[in-house]
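# Structure assessment
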Amino acid sequence: MRTFDTSAGNLRVLVAEDDPVSRHRLHAALSSWGYEVTSVVDGHEALREIARPDAPTLAILDWSMPRIDGLQVCRAVRETAAGQFVYVILLTSHDRDDDVLEGFDAGADDYITKPFDSRQLKARVRSGARIVRLQQQLIAAREQLREKAMHDPLTGLLTRGAFFEICDGEIARAQRKSQSLALIMADLDHFKRINDQYGHLAGDDVLREAAVRLRATFRRGDAVGRYGGEEFVALAPGCLMADAVALAERFRERVSAEPFETSAGRINVTTSVGVAVIPGVDNSWALFKSADEALYRAKAAGRNTVALAA
Ligand SMILES: [Mg+2]
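A brief report on the enclosed structure follows. (Residues numbered from 1 in each chain as written. Predicted model: local features only at pLDDT ≥ 70, side-chain atom pairs only at ≥ 80, totals over all residues. Heavy atoms only, no water.)

### Some remarks on helix 6 (residues 160–176)
Quick reminder of the rule: Helical segments are the DSSP runs of H or I of at least four residues, strand segments are the runs of E of at least two, and each set is numbered from the N terminus. Helix span is expected to be 1.5 Å times the residue number reduced by one. Relative accessibility under 20% of the residue-type maximum defines a buried residue, over 50% an exposed one, and the middle range a partly exposed one, all with a 1.4 Å probe and only protein chains included. It is the directions from the helix axis to the C-beta atoms whose arc is reported. Only heavy atoms matter for contacts: two residues are in contact if any of them lie within 4.5 Å across the pair.
Compared with the 24 Å implied by 1.5 Å per residue over 17 residues, the 24 Å span of helix 6 between its first and last C-alpha is a close match. Buried within helix 6 are the following residues: Ala162, Phe163, Cys167, Glu170, Ile171 and Ala174. Across the axial projection of helix 6, the buried residues extend over an arc of 165°, all falling on one side. Along helix 6, exposed side chains directed more than 90 degrees from the buried face belong to Glu165 and Arg176. For helix 6, the secondary structure elements touched by its buried residues are helix 5 (118–150), strand 6 (181–188), strand 7 (223–228), strand 8 (231–237), strand 11 (271–278) and helix 10 (284–300). Just past helix 6, the residue serine 178 takes up positive phi, approximately 50°.

Here it is, written out as structure tokens:
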């Protein structure tokens, strides 16, 4: 079974070669095989092309070029994060074993000796393209896994860990820029009773719906997470206490305004909410602690209410 695509379509290839005849031959051959080719005349231009955001993923570099040679380009490319994933073929008339080893030491993936044989070039570029695509698939899969790990499967909200990570970054940023930041912590009232009375599937429906109403309350850029069981959190950068209280109040109202539709019928739900802001506290731990204390006070005050950090 073939699980990878070896077609040339969309693969961008960079050719860096100072000799015009060889450069044109390479450009023409690669284009005729369906690659998207960019040609440059020296190592300096090659580095500039590779540094671009839509950089080519496969580079054919002539070893001997003025200013910066192919070997130096190769070393420089390997030192950058993005450059790790560029497949490099060195083009060389140095075909002694030592030279070839030096090329591999510099980080080249393969080499072709000049004058190049067109069938050999085609085969080597194709094998490079296959590796590039596999690498791209692996990166995409890893990215998907990371995304998945960051989100709670039931509600789709950020997990506690992912939320904390974002929170740390946002607190540091708020302090650096002397901006405000609000943490809102909500806990559905008597959730255990809902589970006991209507069953866990209905309980799950309630959590999912609460997440929908929470997300609808906040702006797109605000982080919204499931802190644990029936506890939710939201982080609103730039919010002063008054704005934060208004948001918390809006969420409380949204929850109590309409019964939740569940597999066990319509259920009335309420929530208690605690609010804490920066300035006032200066680290993640203190911010969570004061939001949690505020939430506790909202519970103690009879639930279905919003309380502020002391
Ligand atoms: Mg040359």
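### Topic: the pattern of salt bridges
Side chains bearing opposite charge may pair, as long as their charged atoms lie close to each other. Defined as follows: Each salt bridge in this description consists of a side-chain nitrogen of Lys or Arg and a carboxyl oxygen of Asp or Glu lying within 4 Å of one another.
By the definition in use, this model includes 22 salt bridges. Aspartate 110 is the salt-bridge partner of arginine 124, the closest N and O atoms lying 2.9 Å from each other. On the criterion of sequence distance, the pair formed by arginine 124 in helix 5 and aspartate 110 in strand 5 (residues 110–113) is long-range, its members being 14 residues apart. The class of arginine 124 is partly exposed, set by a relative accessible area of 24%. One salt-bridge network, held together by shared partners, links Arg12, Glu36, Glu49, Arg52 and Asp54.

### Some remarks on the environment of alanine 257
Along the chain, alanine 257 falls in helix 9 (residues 241–257). Sequence separation of alanine 257 and arginine 48 is 209 residues, and the distance between their C-alpha atoms is 58 Å.

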